[in-house]
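Architecture at a glance
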Amino acid sequence: MALEKAQRLIDLATYVASRRQGVTIEDIQSRYGSSKRTAQRLLHTLEVQFPDAECEFDEHGRKRWKLRTGALRDLLTLSSDELAALDLSIATLKRNAQDVEAAQLETLREKIIALVPRDRISRIETDHEALLEAQGLAARPGPSARLPPHIASAISTALKASERLKIVYLSRGATRATVRVVEPYGVLIGARRYLVAKAVSDPEGPLRHYVAENIMGAELTGELFVRDGEFNIDAHAQKAFGLFQNETEIEEIVWKFSRSAADHARSFVFHPAQVLEDQPDGSLIVRFRAAGHLEMCWHLYTWGDKVEVLAPKSLRKMVHRYRRSDFPALP
């Protein structure tokens, strides 16, 4: 059996085993985006390869397929990508001050690790650590853009292997995408995703941010490169309030929240390195160093006139005219 077909079969078996009520042909069509005939063929293969698979009719007369989880025990394992995604989810919850949910997910992680054989865990640790080090959180409330799975997979593989990546990229304002070869250093995750990479055509230049959703294509080159050992994705992410990086904008940011908004503001993590200062009049001052004035403006607008920018003057000037008093609620 071809590797791709075997992987799909295991994925199908995992899906069926996870559904205690069983699955219908319609469920399979929806999951794999396939025709009814293809779904029937997949389920027939499941029955042939897994003798424990059962098929029965439900109360509505529909066929449902079930599979005991024991049939998969020796076939399933944890991948480095899955473990990194789980750790990233935990970090995201912590960043958003959802400590209870983060603790529950950490407990789930421990249970999963405990069920995976030691020899298998050791195989994925190196790739897992590389992926985790390459993914920085710059999460902010708001909608998020989608990234095609095949492009996300190419980026992930390149990060794990320190391999150069050929991308087809559409720059902002451009009418035509161009081909570029880059050395990927990490991914910043927020309302959008940015691939942090160095252009091979400019080896002495700075790290650049490529909007992941503007990458029309991505292909591994097979060429390895040596990463800068001093680069840290979290430290890089903390240079900005959101995702936009501008070295000339990095300076001390000082916001003052009114007494009526202080308690609410205290529950926010505006920046990982923020310092909170309670004032005698009940107001709250928040300090941190970062760039990204425009993204700060977008967020500060949601606080109406309940926040005042004390520093820097350039940000204060950008925000002051748009402080409104008619917002019925805080963010």
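Model, not experiment: these values are computed from the prediction. (Residues numbered from 1 in each chain as written. Predicted model: local features only at pLDDT ≥ 70, side-chain atom pairs only at ≥ 80, totals over all residues. Heavy atoms only, no water.)

In this section: the environment of Thr92. The topology assignment puts Thr92 in helix H4 (residues 80-95). The class for Thr92 is partly exposed, based on a relative accessible area of 23%. Here the alpha-carbon distance between Thr92 and Ala102, two residues ten residues apart in the chain, equals 8.3 Å. (Helix = DSSP H or I, 4+ residues; strand = E, 2+ residues; numbered from the N terminus. Buried < 20%, exposed > 50% of the residue type's maximum accessible area, 1.4 Å probe, protein only.)

Turning to the packing of aromatic side chains, a few remarks are in order. Counted according to the given criterion, the structure contains eleven aromatic pairs. Here Phe257 and Trp303 contribute two aromatic rings whose centre-to-centre distance is 4.8 Å and whose plane-to-plane angle is 65°, an arrangement assigned as edge-to-face. Highlighted residues: Phe257 in strand E9 (residues 251-257) and Trp303 in the loop between helix H10 (293-301) and strand E12 (307-311), separated in sequence by 46 residues. Neither Phe257 nor Trp303 differs from the other in exposure class; each is buried. (Phe/Tyr/Trp six-rings, centres within 6.5 Å; stacked < 30°, edge-to-face > 60°.)

A few words now on the pattern of salt bridges. Throughout the structure, instances matching the rule amount to 16 salt bridges. With its nearest N and O atoms 3.4 Å apart, the salt bridge here joins Glu223 to Arg164. Residue Glu223 is found in strand E8 (residues 215-224), and its partner Arg164 is found in strand E4 (residues 163-169); the two are separated by 59 residues along the sequence. With a relative accessible area of 39%, Glu223 lands in the partly exposed category. With a relative accessible area of 22%, Arg164 lands in the partly exposed category. Two residues, Glu277 and Arg287, come together in a salt bridge whose shortest N-O distance is 2.8 Å. Here Glu277, found in strand E10 (residues 275-278), pairs with Arg287, found in strand E11 (residues 284-290); they are ten residues apart in sequence, far enough to count as distant. We classify Glu277 as partly exposed; its relative accessible area is 26%. (Salt bridge = Lys/Arg side-chain N within 4 Å of Asp/Glu carboxyl O.)

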